[in-house]
Amino acid sequence: MCFHTEAISKAVSRFLFALGILIMAFEVIMPKLGVDMQEGEIIEWKKAEGDTVTEGEVLLEIMSDKTNMELEAEESGVLLKITRQAGEVVPVTEIIAYIGEAGESIDTVANAAPATATVEAPQAVAPAKETPVVAPALAAKPQHHGDKVRATPAARKLAAEQGIDLGLVSGTGVNGRVHKDDVENFKGAQPKATPLAAKIATDKGIDLTTVVGTGVGGKILKEDILALLAPTVMAEVARAPKAEEKPAKELPEGVEIIKMSAMRKAISKGMTHSYLTAPTFTLNYDIDMTNLMALRKQVLEPIMNKTGLKVTFTDLIGLAVTRTLMKEEHRYLNASLINDAQEIELHKFVNIGIAVGLDEGLVVPVVHGADKMSLSEFVVASKDVIKKAQSGKLKAAEMSGSTFSITNLGMFGTKTFNPIINQPNSAILGVAATVPTPVVVDGEVVVRPIMALCLTIDHRIVDGMNGAKFMVDLKNLLENPLELLI
């Protein structure tokens, strides 16, 4: 049997806590801020060891998936110990610090939090009861026929109803057969315990009546059993020969290996899922920007005077997309697949996700309620979330809930590309460069500013014809944009 030393240390910590030791120390853990979040990276501690902290005060900054988050203190006190430093990537629910009373010692807990190279067996802790902690295995296990417990149908039914493992019940029938009365007596004699805790106790010969449960109503949890096993196991770990360290692999000259950041991992996971899950196709359209450029020039100063912000083509395109999506015939472009792609969630509103490229990776802040906004309101809302994205101050809610997304690579001279859908959206619009292009207008060849739009669509929800109809309406609105001001 082999236990990871860190898991053992945690079990010891919980056991000490259960006995009333270190009651004041409050554990600060890496929070799980989303369903898919598995780990977070500590960016910066805002407080140092020994500093006084107040409930609600910012303790540290972490990177969760694709955004930086400020973690606030949930208790007031003194920052007694920091167990994980800036730059470390920590699994969710792992302890990263302790808050407690000034002068309080948390050496035992602090030493148990991080895994160490060598583990010394701790002094045995006297159990709360006078009965021994580890007793012989539960008396007279029932006889088995192969792997099956001998039991009457009534006994099996009662055991199933009460969640009792028949393997733990001593049978009084012939050849140890378990009767209903045996189950009832077992139910009354045994303390409450989770099935996993009961199984571990049986396997390790621990009498549940000697265990102090820390669960609701004194229920015995897995951690309670592991806490009792910890001293013995940790001693075995300490005596075990240390594994020989393998020599570091030599890299060819000019090669460097770096760890993937939490943001990069999130992008990798999301893009792989989208690419492998959704069968997509991309529609490419050319947009004559003559009138849209003229409109931007007209509204630039008024909006600047009103909001202090400069309207961009991304703002104009975002508002045009919103107005087009609100048409009933285009509702499937503003939808999501849910329940294992068995149902379509149609949205009566538009939340526009705007892709923002950072040095560390890509984030998609969301303008919520775009369908209810005027142009100036959209400018303010989009600039707010984009600024937060660039400074790493986005909140989780500001990165979720998009119903459609836009990504703009036009400023880099990109002529066309195939954007990957930001799941669970059904489509994403790619904006490419605006290029002076010879075109035929009224039989004459003239040079016009032509912008390329690239719409990638999830074919599970939207067919090519419906996608093309959406692009035709969007093209008409962008080339005749006065409606955006109405």
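Structure: see above.
Thresholds, definitions, all that
- Residues numbered from 1 in each chain as written.
- Predicted model: local features only at pLDDT ≥ 70, side-chain atom pairs only at ≥ 80, totals over all residues.
- Heavy atoms only, no water.
- Helix = DSSP H or I, 4+ residues; strand = E, 2+ residues; numbered from the N terminus.
- Contact = heavy atoms within 4.5 Å.
- Areas by Shrake-Rupley, 256 points an atom, 1.4 Å probe, with all protein chains shown as cover.
- Pairing = 2+ DSSP bridges.
- Salt bridge = Lys/Arg side-chain N within 4 Å of Asp/Glu carboxyl O.
- Buried < 20%, exposed > 50% of the residue type's maximum accessible area, 1.4 Å probe, protein only.

### Some points on the overall build of the protein chain
Assigned secondary structure in the protein chain consists of 11 helices and 20 strands. Within the protein chain, contacts between residues at least 6 apart in sequence are counted, and of these 63% link residues at least 24 apart. Put simply, the protein chain shows about 26900 Å² of open surface, and 54% of that area lies on carbon and sulfur atoms.

### Looking at the sheet that holds strand β14 (residues 352-354)
Spatial strand order, β11-β20-β19-β18-β14-β17: 6 strands in an open sheet with mixed pairing. What marks the edges here is a single partner per strand, and that holds for β11 (280-288) and β17 (366-367). Taken together, the 9 bridges between β11 and strand β20 (residues 444-458) define a ladder with antiparallel strand orientation. In the sheet register, Phe281 faces β20, and the bridge partner there is Ile457.

### Description of the pattern of salt bridges
Summed over all chains, the structure comprises 14 salt bridges. Taking the shortest distance from any N to any O, the salt bridge between Lys46 and Glu44 comes out at 3.1 Å. For Lys46, the salt bridge goes to Glu61, with nearest N and O atoms at 3.7 Å. Taken as a pair, Lys46 in the loop between β2 (39-45) and β3 (52-53) and Glu61 in strand β4 (residues 58-64) lie far apart in primary sequence, 15 residues in all. Accessibility expressed as a relative area gives 36% for Lys46, which makes it partly exposed. On the basis of relative accessible area, Glu61 is assigned to the buried category, the value being 6%. Among the ionic contacts, a cluster of salt bridges with common partners joins Glu44, Lys46, Glu61 and Lys393.

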